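The primary structure of each chain is shown beneath.
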Amino acid sequence: MTRTITVGLDGSPASLAAADWAAREAQLRELPLRLVSAWEWQAPAFAPATGLGVPVPPSDLQRASAQHLLAQARSRVGEARPGLRIDTDEIPGLPVPALLKAAEGAELLVLGSRGLSKAAGYLLGSVSHAVLASCERPVVLVRAAEHGEEAPPETSARGASAVTCHRDVILGLDLHKPNDAVIDFAFDATSRRAARLRIIHGWTLPPYYYSGALMPDLNDGMIKQVRSELSDVLRPWQDRYPAVEVHAQATVGNAGRHLVDASYDAALVVVGRQNRRAAAGAHIGSVTQALLHHAVAPVAVISHD
């Protein structure tokens, strides 16, 4: 099966921004773009025709709306990127299972995100959270606000964008549980953009280290140890991606806050999500939660065991 970059559409500005971002990503990866819209079938709740006209079943209205949305999005994206193959699909069923099913054949699933905005969106809130928490494929959430990661594209002979300038790709790295899939995704995304990879590891000093004035040597030793561990983890990836410029930093404090700050001037933020279920349902982690609420740049969440 051919992999695709798949976008879930609901007609909101956030989902249209997601489609624009996904189109750029499809060209970078030389993959087709698939636009999908889920519509929920409902049992006919109408009386038989009485000569005053035939009522339209709700399911027909929903499907027609989904088809119209997909046609508009396809026209919008195709006009900007004429060389890109674009497929569309209206999927009957509840949004969460429909999107999870659509993601099975996807290289990436891309959804819109409004962060903490009070405005409601069909794919936002509980739906996007449920999809993200259960999806086994990488999921990218894109904010509705304009946040270009590249200079205006120049079209090459084969119709793809020749990217000329990019912001950094940010990787949130957990040194205690580094995961190959997450690291590889970040290096690969950076390589495709000819950008710089900025790696952030947040850590907390043990209580007895906070008296820096009394024990500066211990503090310095701890920092050197963390930097050494970072170098050890990253060395195989730097050998695999020698063209990628890497800037790694170990920051004291909450990783989520540092990643949110970094997102204001980033092309993409990459984090991992461990596949496990909490007592109250699927778990996505506090760092990912902070990014989904507050990050400005698109956020890629890579699930792993």
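Participant: Account for the overall build of the protein chain, with residues named and values stated.
Facilitator: Scanning the protein chain for helices and strands turns up eight helices and 14 strands. By residue count, 46% of the 305 residues in the protein chain fall in the buried class. Taking the contacts inside the protein chain whose residues are at least 6 apart along the sequence as the reference set, 77% of them involve residues at least 24 apart.

Participant: How would you sum up the packing of helix α7 (residues 255–263) against helix α8 (residues 286–294)? Please name residues and give values.
Facilitator: The contact between α7 and α8 brings their axes to 8 Å, and the two run at 30°. Here α7 lies roughly parallel to α8, going by the angle between them. In this structure, α7 meets α8 at a crossing whose hand is right-handed. Between α7 and α8, the contacting residues are Ala255, Gly256, Leu259 and Val260 on the first element and Val287, Ala290, Leu291 and His294 on the second. Considered class by class, the residues forming the contact of α7 with α8 number six nonpolar, two polar and no charged.

Participant: Can you explain the sheet that holds strand β9 (residues 196–203)? Please cite residues and give values.
Facilitator: What the ten strands build is an open sheet, ordered β3-β2-β1-β4-β5-β14-β11-β8-β9-β10; its pairing is mixed. Among the strands making up the open sheet, the edge pair consists of β3 (86–92) and β10 (245–252). Averaged over all neighbouring strand pairs, the angle between strand axes comes to 25°, with direction disregarded. Two elements, β9 and β10, share eight bridges in a ladder whose sense is parallel. Bridging across to β10, His201 finds its partner in Ala250. Those strands touched by helix α1 (residues 13–29) are β1 (4–8), β2 (33–39), β4 (106–113), β5 (139–143) and β11 (266–274), and its axis lies near 155° from that of β4. Helix-sheet contacts for α8 involve β4, β5, β11 and β14 (299–304), and the interaxial angle to β11 is about 145°.

Participant: Please set out the environment of Glu40 residue by residue, giving values where relevant.
Facilitator: Within the secondary structure layout, Glu40 lies in the loop between β2 and α2 (58–80). Look at Glu40 and you get partly exposed, because its relative accessible area is 33%. Each residue touching Glu40, except ones within four places of it in the same chain, is listed here: Gln62, Gly93 and Leu94.

Participant: Run through the packing of aromatic side chains, naming residues and quoting values.
Facilitator: Summed over all chains, the structure comprises two aromatic pairs. Pairwise contacts between aromatic rings join Phe187, Trp237 and Tyr241 into one cluster.

Participant: Residue-level account of the side chain of His201, with values.
Facilitator: Among the structural elements, His201 can be located in strand β9. Dropping the residues within four chain positions of it, His201 is found in contact with Leu173, Asp174, Leu175, Val226, Leu230, Gln249, Ala250 and Thr251.

Participant: How would you explain the pattern of salt bridges if you had to name every residue and give the values?
Facilitator: When the charged atoms of two side chains lie near each other, side chains of opposite charge can form a pair. This model, assessed by the stated rule, comprises 14 salt bridges. With its nearest N and O atoms 3.0 Å apart, the salt bridge here joins Arg85 to Asp87. The class for Arg85 is exposed, based on a relative accessible area of 51%. Among the residues examined, Asp87 registers a relative accessible area of 26% and is labelled partly exposed.

Participant: Account for the nonpolar core, with residues named and values stated.
Facilitator: Ranked by size, the top nonpolar core spans 48 residues in total, and within it Leu33, Val110 and Val270 carry the most contacts. When residues of this core are assigned to their parent elements, the largest contribution, seven residues, is made by α1. Ignoring sequence-local partners within four residues, the contact set of Val110 consists of Ile5, Thr6, Val7, Gly8, Ala18, Trp21, Ala22, Val140 and Val142. Membership of the second largest hydrophobic core comes to 31 residues, among which are Leu111, Leu141, Val269 and Ala297.

Conventions we followed
Residues numbered from 1 in each chain as written. Predicted model: local features only at pLDDT ≥ 70, side-chain atom pairs only at ≥ 80, totals over all residues. Heavy atoms only, no water. Helix = DSSP H or I, 4+ residues; strand = E, 2+ residues; numbered from the N terminus. Buried < 20%, exposed > 50% of the residue type's maximum accessible area, 1.4 Å probe, protein only. Contact = heavy atoms within 4.5 Å. Axes fitted to C-alpha atoms, helices over the stretch in contact; angles between N-to-C directions. Parallel < 35°, antiparallel > 145°, perpendicular 65-115°, else oblique. Left-handed = near helix turned anticlockwise from the far one by under 90°. Nonpolar A, V, L, I, M, F, W, Y, C, P; charged D, E, K, R; others polar. Pairing = 2+ DSSP bridges. Phe/Tyr/Trp six-rings, centres within 6.5 Å; stacked < 30°, edge-to-face > 60°. Salt bridge = Lys/Arg side-chain N within 4 Å of Asp/Glu carboxyl O. Core = buried A, V, L, I, M, F, W, Y, C linked by side-chain atoms within 4.5 Å.

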